[in-house]
Structure formats: C-alpha cells, structure tokens
Amino acid sequence: MNLRTRDTLIAAGASVGLFVLWELSVRLFKIPPFVLPAPSQAIASLLPVWGVVLGHAWQTLWTTLAGFGIAVVAGVLLGAAVGTSKPLNLALYPILVGFNSVPKAALVPVLVLWFGIGTVPAILTAFLISFFPIVVNVATGLASVPPELREVLRVLGSSRLEAFTRVSIPFSMPYFFASLKVAITLAFVGAVISEIAASQKGIGYLMTSASSQFNVPLVFGGLLLIAIMGIALYAVFAILERRLVGWAYRGQNA
Amino acid sequence: MNLRTRDTLIAAGASVGLFVLWELSVRLFKIPPFVLPAPSQAIASLLPVWGVVLGHAWQTLWTTLAGFGIAVVAGVLLGAAVGTSKPLNLALYPILVGFNSVPKAALVPVLVLWFGIGTVPAILTAFLISFFPIVVNVATGLASVPPELREVLRVLGSSRLEAFTRVSIPFSMPYFFASLKVAITLAFVGAVISEIAASQKGIGYLMTSASSQFNVPLVFGGLLLIAIMGIALYAVFAILERRLVGWAYRGQNA
Amino acid sequence: QSRTNVRFTLDFAFQGPTAPFLLAQDKGYYSAEGLNVSIDRGFGSADAISKIAAGNYDMGFADFNSLIEFNTRNPNNQLLAVFMVYNTTPAAVFAIKGKGIARPTDLAGKTLAAPAGDAGRRLFPVFAEAVGLDASKVNFINVDVPLREPTLARGQADGITGFYFTSFLNLKNVGVKPEDLVIFKYGDYTQDLYGNAVVVRRDFAQANPQAVAAFLRALVKGFKDVIANPDEGVAAVKRRDGLINEALERERLLLALNTHVLTADSRAFGLGSVRRERVERNIRAVVKAFDLNTTLRVEQVWSERFLPPIAERRVTGPAR
Amino acid sequence: MPFIELSNVSLRYDNGYLAVEGVNLSIAKGEFVALVGPSGCGKSTLLRVISGLRPPSSGQATVHGQVVRGPIAGIGMAFQNPTLMPWRTILQNILLPLEVSAKHKQQYRQNPKPYIEAARELMASVGLAGFENAHVWELSGGMQQRASLCRALIHQPEILMLDEPFSALDAFTREELWQAMQVLYMSRKPTVILVTHDLREAVYLSDTIYTMSTRPGKIAYARRVEFPRPRALELTYEDGFTHIVKELREQIGGLRTQISGLKGVGA
Amino acid sequence: MPFIELSNVSLRYDNGYLAVEGVNLSIAKGEFVALVGPSGCGKSTLLRVISGLRPPSSGQATVHGQVVRGPIAGIGMAFQNPTLMPWRTILQNILLPLEVSAKHKQQYRQNPKPYIEAARELMASVGLAGFENAHVWELSGGMQQRASLCRALIHQPEILMLDEPFSALDAFTREELWQAMQVLYMSRKPTVILVTHDLREAVYLSDTIYTMSTRPGKIAYARRVEFPRPRALELTYEDGFTHIVKELREQIGGLRTQISGLKGVGA
Ligand SMILES: Nc1ncnc2c1ncn2[C@@H]1O[C@H](COP(=O)(O)OP(=O)(O)OP(=O)(O)O)[C@@H](O)[C@H]1O
Ligand SMILES: Nc1ncnc2c1ncn2[C@@H]1O[C@H](COP(=O)(O)OP(=O)(O)OP(=O)(O)O)[C@@H](O)[C@H]1O
Ligand SMILES: Cc1ncc(C[n+]2csc(CCO)c2C)c(N)n1
Ligand SMILES: [Mg+2]
Ligand SMILES: [Mg+2]
C-alpha cells in the first residue's frame, strides 16, 4: 500500500512537474497564446464549455475504442499470418509497410466519400492507423518462439492450434502488450484526425472549431483531454500486463 | 539464389496483385478519379512532372531519415531509462503515452511558429511521431532480459554498461528491430504531415498543391511514392535484422 | 405528400456568414417548402465540391471559381452554381504596415503564405494582372489554415491571402491591430471575380428542380431575416456550435454581408443573381490563372432558372 | 514384430553436420531400452527422429508399423533441458499434456479434478509437494528436472522417452526414482527409451542397452540385461551387475577420443 | 585467516521461501571445496550469496576479508544451466569474460590473438574443437555444458564456482575432465567451490566436502579428504576412497525424506 502510494506519487509528480515547467516557460518567455497557450489557459478554456466538451470527449473515446478493438483483432490475425508463414511474410510485409508510411489523414477523405461524414470514418481511421504496430510485434514475438518450447507441444501430438494457443501466444504476450501501448495512442490520433477532417462531434471537431476561431487555448484543452484519456487506457493495459505477463519481467526489480 | 528469386517473386507478386485489384475495382465500379483514382492514373500523373516530383521525394526522404535518426537515438535512450528503472518507468510512461495520444498534426503549427517554415519542423515532426514505438519496445525488451543471463556478466564483475551492451542490448534486438519497422513508417507520416501543414517542398507540399487543383491522381501518386520509399527502407532493416538477430528466429523455418 | 431530402454542406465551419442557411432551417423555411434539409459544416470549398460531386451531398456553399475549375477538369461530373452569395470575391491580400508594402505592386519579390487551395492564392494571378504586377515575382508558401494568420503575425511571411472577413478577424485575434494592416481586397481592383455560391449537382438539379427552387426561396427568407436582425443569425450559429464567440461572429457576419453580399449589383438585380458578362470574364480569368485548357460556356457553370422572382430578392443595405 | 524400428536412419542438420548415420534399431512393445554413449554422439538426435520431431535425412523410423512422418501421439518425453513454460505454474506445466493429448483432453476438460489430484500426488511422489503454485524460476535445477519428468508421465503415455531425466539429482533421489520408475514400468508396461550417462542406472532399469559411437553417431553395441524384475537396489552392488557396467564402460571408452588436459588456461 | 567466510548466512527468497539458514563456512585460499546435498537444499543459492549475486537476508559473506556487498571480481562461475548467449558463437561466448574482467580486458582489446588461441585450445581440450563458430543451439546438452565450463576458466579466475559442471557428461569425459581439473588446480591453485551430486567426483577432487541438509539448507557435515595430489583415477576404486564416499552417502541419506513411488500415474 505504501509502495503503491509512492509509485502513484512519482507518476503524478512527474506529470505535474512537466505542467509547471510548461506554465513557467510560457510566462517567462511571454509566448503568445496563439503559439502555445499555458496549461492553465488550456484548462481554463475548457471549464466554461465543460458540458459540450464532455460530449465530444465521449464521442472520441468510444470511436477510438471501437477502432482499437478492430485493430487488435486484425493486428493479431495479420501478425499471426506474417509471423508464422514465410511466404505470407514476404507477400504482406511490404504492402503493410507501404500502407503505413502513408499519412492516414490523406485517406480520410476517401473514407468519408465512401462512408459519409461522422463516426464510421473515425472508427476506420483509428483502426487503420493502429493495427500495424500490433502486426509487427505479434509477428516478431511469434517468429522468436524457441523451437524447444514448441517441441514440447508437438511431441504430445497437439494440433497446430493447440500448440499456438499454449506456447506461441503466451510467449508473444510481452510483445503484444508492448504493441498495445503504441496502438492505443495511435488509435486516438486516428480518431481525432478523422474528426478534424470530417465530423460534427468529437475532440477533433472541437479542436478545428476552436482553431477556426483562433481559440488556441481550447485546442490545447482538447489535446490535454486526449492525453488524459490515453493515459487512462494505458493504465488499464499496464495493470493487465502485470497480471498476464509478469513472468517475463521477473528480472526487473532485481 | 533460386530461393531468393522465389522470395522476390512472392513479394513483388503480392504487391502487383494488389495494384491490379485496385485498378480493376476502380474501373469496374466506375469510381470517379476525384474519389479514388486508379493506380495507373496515379502513376501517369507523376510522369509528366517527374523531375519536380523527384526533388520533392528527395526532400521528404532526407527529412524523414534525419527525424528517424534522432528518434532512434532518443528512443533507445528513453527506452533504456524506462526499461531499467522503476521510478523512471512510473514517471515517464504516462507522459509519453499522453504525448503520443495527441495527433502530431496539431503540434505542427507550434513547431512551425517556433522554427519557421520548412525543413526543421518536418524533421522534428518525424522525430516526435516515431520515437515512441522504439521507447516501448526497447523498454519491454530490456525489462524481459532473463536475470540468469545478466548474472553471467555481473558475476564477472562487469560494469553496468558492460552488462548492458553485452546482454541487455543483444537480447532486446528483436524488439528493437520490430519497433524500427513501425517507427520508419511513422517518420514518413510525420515528415509529410509537417509538409502538408507548412512547406515549400516535399511530397506533402506536392500533395496539398495537387489536391487544391483537384488533381487527385497526383495526390495518390505522391502517396505511392511515400509507400515505395517506406518499403525500400523496410527492406534495408529487414536485411540488417536477418544479419543481426537471425539467432532469435531460428525456429521460423522449422 | 413526400418531402424531398436535401443534404447540404457549408464551405467551412459554422460561422457568422453561414447564418442565413442556418436561420432558414431553424425558422422552418425549408420545411415549409416541403424540404427535409440537413446542413453539415464543410472543410474548404474544394472539399465541399468534391463531396457534392461524389454524391455525399446534394447541394452546398462553395467558391464559384473552384467550381469552374472542377467542371473543367471533370466534364462528366459537373456542378451548377444557382445562387451567387458573395457578389465579389472576398479574397484579399493582408500585410503589415511599415514593412515595405504599401501598394499592390510592392508585393513583387515578397513571400506570401496561404493554404494551397485558398481562393486568394489561386486567384492571385487575376489580381496581379489587374494591378500590373508580375505574379511570378511573388513567392508562395503552403501553410495549413490554422497557421495562416499566425505566420504573418510572427513575421514568417510578408503577407497572406485569405477571405477578407476571415483573415481580418483572425489577425485581430492573434493580436494584430486593424490599423496596422495593409489590405488589398481583390474586389477593389477587379470586377471579374465572383465569390461563393450555392451549388448543386447537375443530376440532382435535373431530377429535383422544384426542390432547388424551393431551397432558394427559403434561403432568401433566411438572408432577409439575418440582414434585418443579425443577432438572430448569430444565435442560429451558436445553436450549431456552442463554442463560438458571438460578438466575433456577429462582426464577421456584418463584414461579409456589407462588403460582399449587399453590393451595388445585388441592390440592382436582387440577391443571388449574376451578370452574364461578368461570369464570362470570370471564366476566362480562371482559365488563364489556373492554366486550364478549355473554356466553359456560362450554362456549364451557372443557371438562374431556380432563382425566385426578383421582387422576392430585392434588398437594401446595409445590415447592422 | 518390433514396435519401434529405425532402419538405416541418418540425420544431417541444416548446417551440414551429420549427427547420426545408418542407425538400425528394433524395440519391442513394452521393452525398456537404454541409450548410452559419449556426449554429443547423437542420443538426443535419435529421440527426435523417433518421436517425429525431425524427419531423418535418409532411412526411416516406424512406430507401430507406421512410418513416422511427424510427431506421433501418445509419447511422454522428458527433454534434456526441463523446457518448462515460465508463464505456467509448476502444476499447470505438469497438467499441460492432459490439455492436448487426444486420449485425455475431453475428459480432462469436463472433469479436471481427478487429474489435478493425480498431478499433485505425482508431484509429491518426486518431492515437489508444496511447489504446485510456484513459478518455474523458483525451483532449483533438480526440482525443474523432476517437474519435467512429471510432465512426461502425467498422461500415462504408451511410449516414454527420457533424456537424462535424473542427471541433476543427488544419488538418493535418483535411486529412489529408479525404483519408482521400475514400479511404474512393471504396472503399465510402457515402451521406454532412456538416455543416460549413468551406466548403473541403465543396467538397473533396462532390458537392452545400446551404446553409441560418435561423429557421426552409430549404434556400436547392444547388451541385453536379463535380471528379473523387480530388481532390488542391492542388485547394483552384485558382481553380475557390476560386470555388465564394466563391460559397457569399456565399450564406451573405446568409442571416444581422449581429452588430454585443460589447455589454454595455463594448466 | 579464511579466504571465503560465511557467518550465519540465511537467505529468504522474495516469495518468502527460506532457502538456507544459519550457514557458517570457512574456505582457505587455494582450498578445493565440494558442496553436496539433496536436490533443492540450497547449494546453488549459497554460490549466489558467495559470489555476491544475492545479498543474504541475514548474516554475511566475506571474501578476502571484505564483506560481500555485490558481485566481486575475479570469479569464474559455471552456472547449473549453461546460460550461453544465443547471439554469440561458442567461441565468442567463451571469450566473453575476457571482454569484461578487469584483469584482462585492456590487454584483450589490444591484442586478442593469443587469447583467442588459448580459447581454441581450451575448447579442443574439452572436445569442442571444430565448434568454435557453431551457434549455441547446434550443440548437444553436454557440449553446451563443456562450453560453459570453458567460459568459467578462460580468464584464469582466483575463485572458481562450478555448479554441477559435469552432470550432463558421460563417465569417460567426466573422469577425464576431473583429471584435467586436478592439473589445472595444482598448477594455479585457485580457490574452488564445486557443487556436485557425484560423491566420487567430490572426494576425488576436493580437500573438504560439506554436506547440506534441506528445507532450509544448513551445513550438516564437513569431511576433510587428505589424499595427496596428484590423485590417480585408480584411487577412486581403493578402499580408503570408497569408504569416504560411503560415509558421505550415509550422511546425505539421513538428511532427506524418502520418495515412495510415482503416485498419480497408475503405478
Ligand atoms: N540444431 C542442430 N544443428 C546442428 N547441429 C546439431 C543440432 N543439434 C545437435 N547438433 C549436433 O549433433 C550432434 C549430436 O547432438 P545430440 O544432442 O543428439 O547429442 P547427445 O548424444 O544428446 O549429446 P549429450 O549427451 O551431450 O546430450 C552434436 O555434435 C551436435 O553438435
Ligand atoms: N528465485 C527463487 N525464488 C524462490 N525460491 C527459490 C528461488 N531459487 C531457488 N529457490 C528455492 O530455494 C531452494 C534452494 O534452491 P537451490 O537452487 O539453491 O537448490 P540446489 O541445492 O542448487 O538444488 P539442485 O541440486 O536441484 O540444483 C529450492 O527449494 C528452491 O525452490
Ligand atoms: C488544430 C488543427 N486543425 C486542423 C489541422 C489540419 N490537419 C488535420 S490532420 C492534418 C494532417 C494532414 O492532413 C492536418 C494538416 C491542424 N493541423 N491543426
Ligand atoms: Mg543430449
Ligand atoms: Mg542447483
């Protein structure tokens, strides 16, 4: 309990410290708010419109989660394909890399033309931007399963699927969780850029709306909200990770 | 040699197949070029302006590489910090996750207003968008080094750095290379969105210019070029990876 | 009786100048005409035109010059302008006083920043020709919309192009005093260029001519109400986007109405109408400036058969 | 008819190393066979071939009259390294075969209780009581080896392949496990192939002992052991027994090149 | 004055398990000590404490009069598992200590040739000639163990800790390595702590043998071995020798609880 309190203090302290630094820099160097507002201004700008903002945040959160959910499923499946089959690896990796080098913001208009303005393109963008890290890490994890461990299963006459679920998947879990941390942040980015480009709600909409009025503090208020939601989801994964793949990190405290 | 030819054929075949599919869909469903041009149109649009395009591509390539280079250094250092120290992990991870949940496109204006229009913000954006996957994977790799292997070094009275370079780093290499694949694609995205936001050259500039003239095929031509550059760099890493961490994938062909 | 659905997109965000469209909706003018109208914000004129052409929307509010360009490049997917809202283009060049730019010809050798698709930027050659400036002597930088005015304020460009009522207020917002500004409104140098119009996909107009006409009847009422009572218009905007600053949008609305809507032409010929020879000159100017290879006929970009009778469209100004 | 048969089996690893060459071997159903030979001669490699983990480069292995083309069901294997899964507790590791072996998985899924009970008993009987929920890295080397042995036995396989299963154990634990293994063998009569460096162990437990020569590995010698079962531990001190051990010793001694001293470290 | 001294050392692992308790031990400089005892009694744990890899929960270890507070330099350790680095070839694995040990690294970096030569010789002397550039997974279990032994010896450490270094080797290779080890010991007189389950090995090589009891591990018995060196292999068959082996056997036998049979698998 005491240790946990200490941990929370360290985590919170660092973030608070960063904000203080930011606030001080803005005041000290007299940076105009349309360049970079102080965090206090950003937060202050949220308060009067709090009810509206909350609705936007909720919209962004759930589209992000929906896109992220699809990304996890698709990422694991593609990662399994790429990580276990040489021909699929050769065939798919270049395509995936090429696709992911392209800014998704450029694809949003295409999605909008197909699926209309609103939630669907946001979910799809969140998905499209975030599945690749999962593919790469799952594939790498699966490809580095030590053959000895797989042999334990094979010699028992297990099916491929059984060996996969009992050796390859658990072994790849640390890779998978690492990729989730990256993917969730990207999913937020995806949902927001889609909202920036084409939506009537969500933090992205809030930001463009604020930005078209040069209410830059409110733009940064929106950014802060996204960051906070990202951190909250990260915390969920961190807890899951401790539970599920603690075995891989036994050396960390030594 | 024969095997290598086969591999290349598979890789090329899949990509070509995708293009054929794309081409056929566009023609079959009569999708207008301002919604989604056929790849043939995209490529055709590049040819008459090839000289100009090449200059833009070069600009994007080198800013991407510069940003990516910084990201690798910063990512490894931060990853080492986060992966080896519990307090730093607690302090930095939430900040990093929060920062990375924010669309970098929204930060580009800040960078542009500080550093001027042009190359510097593009490099910085490429860096800022791509370092996080490296941090996460390096940290995960380092945290999962088996204590037994570290003990081999510690018992020899090695310095922390020696143990780090001889055990932790090589052990984390598969994680590191996985993250490079993600990071390089993101670096391209970063450079391009910065060019979209404010620039006089680069593929992002080409794309905004083309898009403002309803020259959607040229926009997609630009996207294709980015994809091709991404794939080329991926190929470089894939070769390096085979050389340096082949040991981790010995089970792949079994 | 069955109501006709009309999906309508604005050119940009919900802001003061879009109040007539919104107020007409709030007051039930569209419904009264048997229309079921939905109005979305837009993401630039070029984007709105693409979306209408692609069938995501049926009608919209977009730059006439952009429409000319689109129709030239996509002869199979043409749109029609059916109601001219901005009788002169709101495009303008902004610079800071005392930095060597006093007259338009001083722009030679200077750097201007603007979004790639900005009307003022695309139409700059027309303006340049009108003022006797070699457009190729002016250097343009692409900046995203949110960066345009800050770029000028920070001195990273010598000037910007933008819609008069947008950039003027944005510059005020980033701390540039109006008295420090040098502004060249294109409309003051050339009468060839129109601004934003109500546009419709040709096949939609052909299938639903009554709906288009009905839409315009309702819209004219909206305009009249807003001109008579701008505050009511701003309230309609506020209902769409709770984040707007009412005083700012009121100012923007009045600037747009008094400078670009309530012009001599619209007092003479009524709201929404054009002069044919101006349209012809406009097309020629665009073809030249945008380096297009065919010159369209007026009928390929404009139709006045949906306009209400002139009596309904008569206005006096100004709004206050 | 032999139950397990290797005919002219050779195996060349991917790096070109010829590990075993021209191996012929017949094992009857229910026979207890020991495989002994110098380190690196190819004993583990042969187990791989028989179990179907690796196809031979030439020749073939048949089990139950069927040519081995891939892993065959019904094997219990204790690998030379314990290869326990770090993400499972010890008990979960030992229960693993029940989750996948065709014979048990259905029943195990429906009613795991008795199996878990059996696994606990088995753990207790090798001295691992109380470590059911321990993590792999919380066990000493010898304890891991015993856990791995339990995993090879839990599903009562027809064929047992034990690759130096007692090498990390003290003499007492080892001898007790010999006796336990003998009881198990007599009651269920599995076919057993035991790889070991302990010749007393080989002679005490087996019906036949094969010695292998090195580089590439070949079967050099076969020795039947005819002592009736149950064999008392005291038997291992009797002359007839030690005679066989000595005979095997000499056999193996002749099969290898001698090491001359730890050169290169100033000795 | 003892060179290595444990006074009242206890170690409780993070999970609460008390592995060793109240251990007192004195080892003179240049002494060859063997540590024997039932599997899981804490032998490897004690090596960890002495080498400074783990601080004791109570009590203290001193080496050379200095309290051990962290890993101490000049140790050569052969871990119970070979723990070779898969990203290095066998030769590179064996050369590893030279890259980091304070005594050698400078010279090794400047002129690695003679060291590499020495490593090759060392490899050859344990029967690994030709495997210099092999990957770890291309070696058999016993070959990996020998490579690990080479890694413990290459930097000529003052203190040698060998955790069952010969357990995966056949009797011949093993006995030859005993002799080689004896030559090495006599020529350089390192202080050696050998953990083994092979009592003949312990008696043949050591000056003193400590037996440990289990749960928690304690030193139960110490036995000096006074045979002069060099000791011939034949000595191990003489009565005086086998007497000591038997004595130790009985000692250990009394220290552990017996295993009763493989329960839970229908035996
Ligand atoms: N994956 C592999 N690739 C290449 N060579 C291998 C591989 N596995 C084993 N070998 C080689 O094959 C030979 C036999 O190895 P194997 O593991 O069968 O020996 P073993 O008889 O079990 O030895 P030990 O008693 O030391 O365990 C060895 O020389 C080894 O180097
Ligand atoms: N990391 C650990 N965490 C918890 N308990 C441990 C850990 N390592 C060892 N133990 C426990 O400590 C006891 C002693 O282990 P140790 O490895 O020292 O035994 P050992 O004498 O070397 O046995 P063996 O001969 O089998 O190698 C064992 O009961 C083991 O379960
Ligand atoms: C507050 C704010 N609003 C809009 C944009 C524009 N934008 C949104 S996504 C993207 C990437 C490329 O299409 C760009 C440029 C911005 N940067 N910041
Ligand atoms: Mg073996
Ligand atoms: Mg041990």
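The shown structure was predicted, so the numbers you read here are calculated from the model rather than taken from an experiment.

(A) Region of the structure containing the pairing of strand 1 (residues 4-12) of chain D. Residues and elements named next belong to chain D. Pairing of strand 1 with strand 2 (residues 18-27), which is carried by six bridges, proceeds in the antiparallel orientation. Residue Glu5 lies in a different strand from strand 2, and its bridge partner there is Ser26. Between the end of strand 1 and the start of strand 2, which pair antiparallel, lie five residues, with Gly16 showing a positive phi angle near 95°. Note that strand 1 and strand 4 (residues 58-63) share five bridges and pair antiparallel. Following the sheet pairing, Glu5 is matched in strand 4 by Thr62.

(B) Highlighting helix 1 (residues 43-51) of chain E. Residues and elements named next belong to chain E. Taking burial as the measure, the nine residues of helix 1 include seven buried ones, the bulk of the element. Residues Lys43, Thr45, Leu46, Leu47, Val49, Ile50 and Ser51 constitute the buried set of helix 1. At the C-terminal side of helix 1, Gly52 shows a positive phi close to 85°.

(C) Layout of the relation of the copies chain A and chain B. Rotating chain A by 180° about the axis while translating it 0.0 Å along that axis superimposes it on chain B, leaving an RMSD of 0.2 Å. The transformation just described matches what one would write down for a two-fold rotation axis. Residue by residue, 100% of the interface of chain A is reproduced at the interface of chain B, so both copies engage with the same surface.

(D) Layout of helix 4 (residues 113-125) of chain D. Residues and elements named next belong to chain D. With 13 residues, helix 4 should cover 18 Å at 1.5 Å per step; its first-to-last C-alpha distance of 18 Å lies within 8% of that length. Tyr115, Ala118, Ala119, Leu122, Met123 and Ser125 are the residues of helix 4 that are buried. Relative to the axis of helix 4, the buried residues are bounded by an arc of 160° and lie together on one face. In this fold, the buried residues of helix 4 make contact with helix 2 (90-100), helix 3 (105-110) and helix 5 (141-153). Phi turns positive one or two residues past the end of helix 4, at Gly127, with a value near 85°.

(E) Representation of the sheet that holds strand 2 (residues 35-40) of chain C in the model. Residue and element names in this part refer to chain C. Overall, mixed pairing links the five strands, which are arranged 2-1-3-10-4 in an open sheet. If you trace the sheet from one side to the other, it starts and ends with strand 2 and strand 4 (79-84), each paired once. Across this sheet, the average inter-strand angle for adjacent strands is 30°, counted without regard to direction. Pairing of strand 1 (residues 4-9) with strand 3 (residues 59-63) involves two bridges; the strand directions are parallel.

(F) Examining the interface of chain A and chain B more closely. Residue-level contacts link 66 residues of chain A with 66 residues of chain B. Interface area for chain A against chain B, summed over the two sides, is near 5,900 Å², with a carbon-plus-sulfur share of 72%. At the junction of chain A and chain B, the tally comes to zero salt bridges. Along the contact surface separating chain A from chain B lie one residue pair in polar contact (both at pLDDT 80 or more). Counting residues per element, the ones that place at least two in the side of chain A that touches chain B are helix 1 (2-28), helix 4 (86-101), helix 5 (108-115), helix 6 (119-143), helix 7 (147-154), helix 8 (160-197) and helix 10 (216-245) of chain A. Counting residues per element, the side of chain A that touches chain B draws most heavily on helix 4 of chain A, at twelve residues. For the side of chain A that touches chain B, the residue count by class is 46 nonpolar, 14 polar and six charged.

Conventions and cut-offs
Residues numbered from 1 in each chain as written. Chains lettered and ligands numbered in written order. Predicted model: local features only at pLDDT ≥ 70, side-chain atom pairs only at ≥ 80, totals over all residues. Heavy atoms only, no water. Pairing = 2+ DSSP bridges. Helix = DSSP H or I, 4+ residues; strand = E, 2+ residues; numbered from the N terminus. Buried < 20%, exposed > 50% of the residue type's maximum accessible area, 1.4 Å probe, protein only. Least-squares fit on C-alpha atoms with pLDDT ≥ 70 in both. Contact = heavy atoms within 4.5 Å. Expected span 1.5 Å × (residues − 1). Arc of directions from axis to C-beta. Axes fitted to C-alpha atoms, helices over the stretch in contact; angles between N-to-C directions. Buried area = accessible area lost by both parts, 1.4 Å probe. Salt bridge = Lys/Arg side-chain N within 4 Å of Asp/Glu carboxyl O. Polar contact = N/O pair within 3.5 Å; in protein donor to acceptor, adjacent residues only side chain to side chain. Nonpolar A, V, L, I, M, F, W, Y, C, P; charged D, E, K, R; others polar.

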